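# Notes for the structure review
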Amino acid sequence: MKRKLIAAIGIAGMMVSIAACGSGDDKSGGSDAKELTVWLTVDAQNNWPALVKAADDAVAKKHPGVKIKHEYYGWPDKNTKLDAVLATDKAPDVVEMGNTEMLGYMVKGAFPPVDPAKFDNSAQWLDGLKASVTYDGKTYGVPYYAGGRVANWRKDIAASAGIRTPPKTYQELTADLDRIQKKEGGKFNAWYQPTRDWYAAMSFVYDAGGSIAKEEGGQWKADLSSPGSLKGLTEFKHVVDTYMHGDKTKDESDRYIVYGQGNSAMIFGAAWEGATAADPKNDKTGKLKDNLENFVMPGPSGKNIPVFLGGSDLAIPVKSRAQDLAAEWINAFTGTQGQKGLIAKGNLPNNKTDLATLKNDPATAVPATAAESNWFVPMAPGWGQVEKAQILQTMLQDIGTGKKSVEAAAKDADAAIDKVINTK
């Protein structure tokens, strides 16, 4: 699932005091701590409370008498509260973080490093999730679960154009979309692809061998003007020019709503978006419930396109007095048994071993296969400033509207990224 990177760079003053405390003082706590406070989002409270209880029971069995307290928050509420308590003695011992939220906190020293060897399946964590908890060569959290991206199209519209099965290659995809576009007319979106959707655009960049930025000698440098990146951006522009006939200044935030209005044949987005578009309150056609189909998005490279992995991580605040016990609870919750429970609730697991088993089940094969090839944002100290400035979105809008050429827009974006990406 998508998590917007919070403006963690705005809490620098508070983080300085956090870092000064460190995890090596007498407040770090041990496994003999008697109290544990766990902050999770309402996703866990509403959808898998039994898994939370199972983790509690496992820890309590090993540590009789331990008191485990849970607090549940919506995403914006959680970050506001967390920022307020991180530098106090009221910090939680475990906190759930959206994976794109981790970086700003790691940079500022909010979480102590953890030993990956203490957590089940750490050697098999999905690459994108592993990247989200890794900064400057150290691990600061544990992946919890993942959410991927897939293509979704309307079977009825495809069938009306003589197409019966989803495409397996990019050449098949574009040929199918060309047939749909011709049949439905120039005002119809054969592929509704918002121009400012940088998650989709960067999938094309990574598929072509490019990247947003690369680390060289301890410094990060923007990479959007490299040959691979330009190739990916050029193909993304082709998609927008050819199949997207809506507003070229929009982002992806209301894509499922637009899809539900019935003037589009396909989207490429988070796996939940198709089903949400088909919800009766969003489906203005009355036809989507039985006519939507997910499929793995093929890439121009001939391989499945790399997708951005959203999801959640669990971290231990540096001011926790029970860090060892917190690590035990996290492992009980996210370990082998916990992953089985999360999978049963419709989530993608945090590791490649479990992900591979889902490919054998028709109900989960598409999102599991799509998630095998994945990417994540550059784990650079100034990445938060890149997102806050919406550099990628501006570049893509300039490309999509024709304000700038691909080359000029990428060059300007590189210059803007280079100004901030190494700044803490």
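Described below are features of the structure shown in this document. (Residues numbered from 1 in each chain as written. Predicted model: local features only at pLDDT ≥ 70, side-chain atom pairs only at ≥ 80, totals over all residues. Heavy atoms only, no water.)

A word on the sheet that holds strand β10 (residues 266–270). Ordered by their spatial adjacency, 3 strands build an open sheet running β10-β7-β11, and the pairing between neighbours is antiparallel. A single partner strand is all that each edge strand has here, and the edge strands are β10 and β11 (292–295). In this sheet, adjacent strand axes meet at a mean angle of 30 degrees when their direction is disregarded. The strands touched by helix α16 (residues 365–372) within the sheet are β7 (149–154) and β11, with β7 carrying the most contacts at an inclination of about 135 degrees. (Pairing = 2+ DSSP bridges. Helix = DSSP H or I, 4+ residues; strand = E, 2+ residues; numbered from the N terminus. Axes fitted to C-alpha atoms, helices over the stretch in contact; angles between N-to-C directions. Contact = heavy atoms within 4.5 Å.)

Another aspect to go through is unusual backbone geometry. Unlike most non-glycine residues, aspartate 136 shows phi in positive territory, near 55 degrees. Mapping aspartate 136 onto the fold places it in the loop between β4 (134–135) and β5 (138–139).

Mapped onto the secondary structure, methionine 395 falls in helix α18 (residues 391–401). Looking at methionine 395, the relative accessible area reads 2%, which means it is buried. Separated by 190 residues in sequence, methionine 395 and valine 205 have C-alpha atoms that sit 13 Å apart. In contact with methionine 395, not counting residues within four places along its chain, are Met202, Leu224, Leu233, Ala409, Ala410 and Ala413. (Buried < 20%, exposed > 50% of the residue type's maximum accessible area, 1.4 Å probe, protein only.)

One can describe the packing of helix α9 (residues 198–207) onto helix α10 (residues 227–243) by two numbers: an axis separation of 7 Å at closest approach and a directional angle of 130 degrees. In this view, α9 runs oblique relative to α10, as classed from their interaxial angle. Judged by the sense of rotation from one axis to the other, the crossing of α9 with α10 is right-handed. Taking contact as the criterion, the partners of Ala200, Ala201, Met202, Phe204 and Val205 in α9 are, on α10, Gly228, Ser229, Gly232, Leu233, Glu235, Phe236 and Val239. Across the contact of α9 with α10, the residue classes tally to 8 nonpolar, 3 polar and 1 charged. (Parallel < 35°, antiparallel > 145°, perpendicular 65-115°, else oblique. Left-handed = near helix turned anticlockwise from the far one by under 90°. Nonpolar A, V, L, I, M, F, W, Y, C, P; charged D, E, K, R; others polar.)

The subject of this paragraph is the pairing of strand β9 (residues 219–222). Of the two faces of β9, the one lined by Trp220 and Ala222 is fully buried and the one lined by Gln219 and Lys221 carries no buried residue. Sheet topology note: the strand β8 (residues 213–216)/β9 ladder contains 4 bridges and is antiparallel. Pairing of glutamate 216 across the sheet is with glutamine 219, part of β9.

Between its first and last C-alpha, helix α8 (residues 170–184) extends 21 Å over 15 residues, near the 21 Å set by a 1.5 Å rise per residue. Turning to α8, its buried residues number three or more, namely Tyr170, Leu173, Thr174, Asp176, Leu177, Ile180 and Gln181. Down the axis of α8, the sector holding all buried residues measures 160 degrees, keeping them to one side. Turned more than 90 degrees from where α8 packs its buried face, Gln171 and Lys182 sit exposed. (Expected span 1.5 Å × (residues − 1). Arc of directions from axis to C-beta.)

As a further point, take the side chain of threonine 139. When you line up the elements, threonine 139 lands in strand β5. Threonine 139 has contacts with Pro112, Pro113, Val114, Pro116, Trp125, Val133 and Thr134, leaving out every residue within four places of it along the chain.

In this section: the environment of lysine 138. Tracing the backbone through its elements, the reader meets lysine 138 in strand β5. The sequence separation of lysine 138 and valine 114 amounts to 24 residues, and the corresponding C-alpha distance is 7.9 Å. Beyond its immediate sequence surroundings of up to four residues, lysine 138 is in contact with Pro113 and Val133.

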